[in-house]
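# Survey of secondary and tertiary structure
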Amino acid sequence: MCIAKQYGKAVAASKVKEPWNAMSDLPAPPYGLDAVDIQGRERLHDGFLKVDRYKVRCRLFQGGWSQPFYREILVRQPGVGVLLYDPLLDKVLLVEQFRAGCLDDAHNGPWALELVAGLLETGETPEDVARREAQEEAGVEVHGILLKVCEYYNSPGGSSEKLTVLCGRFDAERTASGIFGLASESENIRSHVIDRAQALAGVRAGRINNAMSIIALQWLELNLASVRAALVADPA
């Protein structure tokens, strides 16, 4: 399947530059999807995780096209994480659970401290997922506004997974740490309500070592005054 054979400035401008953040000083990408020729796609594994192998060629920065090459991609649904923050008590809620991908982690082992998070299902918005997962993983009802932290690709060299990170308010005074999760999904999740400063110390010490949590906690640190003001001002 060939998405495009020709690259033109007008096409690139309409497909690449339109969504680009006009406030950024960084240059827009030089090429768009029209500069990729997908010649084949084969599913190698079709379990809970899916792996596809692509045969592609693409435009080169120095001009012309590359030779065809292969890339194997872990195909994943979009995910959503939510940083639960109490702006009055300056506390955050994190969850701890077994993660098979951390089996070789000599520092922490396979139990990771993370944001509440889940996968985006058909018909859902990221906000829907954040509210659903906050209830399932921490017993927290999030009724107020959800602030956008960022969107990012988790590991674009080998995975299609795109993550949306949000921040919402919770009441730490009325929220007790506990054990949650869906037995039908073999979830065993322990929630922790901790001081924001303690969470940042966990990042520095390597106890919190997953990208989503680090990004969200550092974002909160950088934007603390405005985040507090927005969450406190929300009537919900």
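Presented here is an overview of the structure given in this document. Since this is a predicted model, take the numbers as computed values, not measurements.

## Examining the overall build of the protein
- Scanning the protein from terminus to terminus reveals 5 helices and 11 strands.
- Relative to its full complement of 236 residues, the protein shows a buried share of 38%.
- A fraction of 56% describes how many contacts in the protein between residues 6 or more apart in sequence connect residues 24 or more apart.

## Describing helix H2 (residues 126–138)
- Taking 1.5 Å as the rise per residue, H2 with 13 residues should run 18 Å; its terminal C-alpha atoms sit 17 Å apart, in good agreement.
- Taken together, the buried positions of H2 are occupied by Val129, Ala130, Glu133, Ala134, Glu137 and Ala138. Buried residues of H2 fall within an arc of 130° about the axis and therefore sit on the same side.
- Just downstream of H2, Gly139 is the residue with a positive phi angle, here 65°.

## Some remarks on the pattern of salt bridges
- Tallied over the entire structure, the rule returns 19 salt bridges.
- For the salt bridge of Arg57 with Asp37, the shortest nitrogen-to-oxygen distance reads 2.9 Å. Here Asp37 lies in strand S1 (residues 36–46) and Arg57 lies in strand S2 (residues 50–58), a separation of 20 residues in the sequence.
- With a relative accessible area of 2%, Asp37 lands in the buried category.
- Two residues, Asp46 and Arg43, come together in a salt bridge whose shortest N-O distance is 3.3 Å.
- Relative accessible area serves as the criterion here: at 53%, Asp46 is assigned to the exposed category.
- Residues joined in a network through salt bridges with shared partners are Arg41, Arg43, Asp46, Lys50 and Asp52.

The rules behind these values
Residues numbered from 1 in each chain as written. Predicted model: local features only at pLDDT ≥ 70, side-chain atom pairs only at ≥ 80, totals over all residues. Heavy atoms only, no water. Helix = DSSP H or I, 4+ residues; strand = E, 2+ residues; numbered from the N terminus. Buried < 20%, exposed > 50% of the residue type's maximum accessible area, 1.4 Å probe, protein only. Contact = heavy atoms within 4.5 Å. Expected span 1.5 Å × (residues − 1). Arc of directions from axis to C-beta. Salt bridge = Lys/Arg side-chain N within 4 Å of Asp/Glu carboxyl O.

On their own, these measurements won't tell you what the molecule is for.
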